[in-house]
Amino acid sequence: MSGKHTPGPWSIDPDDGGPWYCVREPGGGWIAQVPEPDSADARLIAAAPELLEVLRAVAAAGGQDRHGFANAAALQDDDALSHRVRAAIGQATNQEVTP
C-alpha cells in the first residue's frame, strides 16, 4: 500500500443496477460499493477524506497532552476548527452536530 488515497470529496450515489450505494471520487470513479441497508457505512466511507483532514488539523492545532492525545482545550478555543470537526462528523453520520 502506498499510503496515498484518492483525494476527496467523495460522494454517494445509488447504483442503478442493483441494491447498492456507490461511493465515488470527484471524477465519478468507483471507490466502494455498500449494500443498500448499510447506507450509514457508505456515508462514513464517503466522509473519510474530510475526517482525515480535520483530524490532521486538530492534531496540528493543539499539540498533545502528556498522554500523547490532541489537546482538546485548543480545539475549544478555535471556532473555525471546531466548526470543521462538527461538519465532518455531520457528513459521516448524516446528522447535524451542535456545540
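Given the structure is predicted, the values throughout are model-derived calculations rather than measurements.

## Here's the deal with the overall build of the chain
1) Next: Each helix and strand in the chain was counted, giving three helices and three strands.
2) Next: What you see in the chain, going N to C, is helices and strands ordered as β-β-β-α-α-α.
3) Next: Expressed as a percentage of its 99 residues, the buried residues of the chain come to 18%.
4) Next: Within the chain, contacts between residues separated by at least 24 positions form 33% of all contacts whose residues are at least 6 apart in sequence.
5) Next: As presented, the chain carries roughly 6800 Å² of accessible surface, and 53% of it is formed by carbon and sulfur atoms.

## Some remarks on the pattern of salt bridges
1) Next: In total, this model carries two salt bridges according to the counting rule given.
2) Next: Across the salt bridge formed by Arg84 and Glu53, the nearest N and O atoms sit 2.9 Å from each other. Of this pair, Arg84 sits in helix α3 (residues 79–93) while Glu53 is found in helix α1 (residues 39–62), placing the two residues 31 residues apart along the sequence.
3) Next: With a relative accessible area of 29%, Arg84 lands in the partly exposed category.

## A short note on unusual backbone geometry
1) Next: Residue Pro9 follows Gly8 across a cis peptide bond; omega there is 0°.
2) Next: Locating Pro9 in the fold gives a position in the segment before β1 (11–14).

## Things to note about the confidence of the model for the chain
1) Next: Mean pLDDT for the chain: 78, with 76% of residues reaching 70 or above.
2) Next: Mean pLDDT per element in the chain: helix α2 (residues 72–76) is the minimum at 63, and strand β2 (residues 20–24) is the maximum at 89.

Scoring rules and cut-offs
- Residues numbered from 1 in each chain as written.
- Predicted model: local features only at pLDDT ≥ 70, side-chain atom pairs only at ≥ 80, totals over all residues.
- Heavy atoms only, no water.
- Helix = DSSP H or I, 4+ residues; strand = E, 2+ residues; numbered from the N terminus.
- Buried < 20%, exposed > 50% of the residue type's maximum accessible area, 1.4 Å probe, protein only.
- Contact = heavy atoms within 4.5 Å.
- Areas by Shrake-Rupley, 256 points an atom, 1.4 Å probe, with all protein chains shown as cover.
- Salt bridge = Lys/Arg side-chain N within 4 Å of Asp/Glu carboxyl O.
- pLDDT = per-residue confidence, 0-100.

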